[in-house]
Amino acid sequence: MQIHVTDRHGKRHTLEALEGFRVMEIIRDWDLDIKAECGGACACGTCHVYVAPEWAEKLRGPLDEETEQLDMTFDVEANSRLSCQIIMTAELDGLEVTLAPGTEKERAAA
Ligand code: FES
């Protein structure tokens, strides 16, 4: 299985993905620039991604805690998700996401 991730510089990466892993973990394990400060606890918003429209409807909808965390996150769009809340399954083989710009602090450091 694979996922496709566009980084903050517009470069698209194809990453091998294992079922059961969080998409955030896959992106982090491949050393792309994702902070994921809370380690997947849905408490930081630094794993924010935009999901390609054709994939958005294939994802299970966000739970309340994800929606609440997104409310406190920068640059949220209709297709925003927290990648720590997306669990890889066979149906998501080929998933396409783009890393969100990140917090002001992250942007300043980029
Ligand atoms: Fe912190 Fe996803 S890693 S909200």
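Predicted, not measured: the structure shown is a model, and the values here were computed from it.

A. Structural context of the pattern of salt bridges. Counted by the stated rule, this structure contains 3 salt bridges. Across the salt bridge formed by Arg-12 and Glu-96, the nearest N and O atoms sit 2.8 Å from each other. Taken together, the residues span a long stretch of sequence, with Arg-12 in strand S2 (residues 12-16) and Glu-96 in strand S5 (residues 95-99) at a distance of 84 residues. Judged by relative accessible area, Glu-96 falls into the buried class, the value being 18%.

B. Highlighting the side chain of Thr-73. In this structure, Thr-73 sits in the loop between helix H3 (64-71) and strand S4 (80-82). Judged by relative accessible area, which is 16%, Thr-73 ranks as buried. From its side chain, Thr-73 meets the backbone oxygen of Gln-69 in a polar contact 2.8 Å long. Apart from the residues within four sequence positions on either side, Thr-73 is in contact with Gly-45 and His-48.

Definitions and cut-offs
Residues numbered from 1 in each chain as written. Predicted model: local features only at pLDDT ≥ 70, side-chain atom pairs only at ≥ 80, totals over all residues. Heavy atoms only, no water. Salt bridge = Lys/Arg side-chain N within 4 Å of Asp/Glu carboxyl O. Helix = DSSP H or I, 4+ residues; strand = E, 2+ residues; numbered from the N terminus. Buried < 20%, exposed > 50% of the residue type's maximum accessible area, 1.4 Å probe, protein only. Polar contact = N/O pair within 3.5 Å; in protein donor to acceptor, adjacent residues only side chain to side chain. Contact = heavy atoms within 4.5 Å.

Read these as spatial facts, not as claims about activity.
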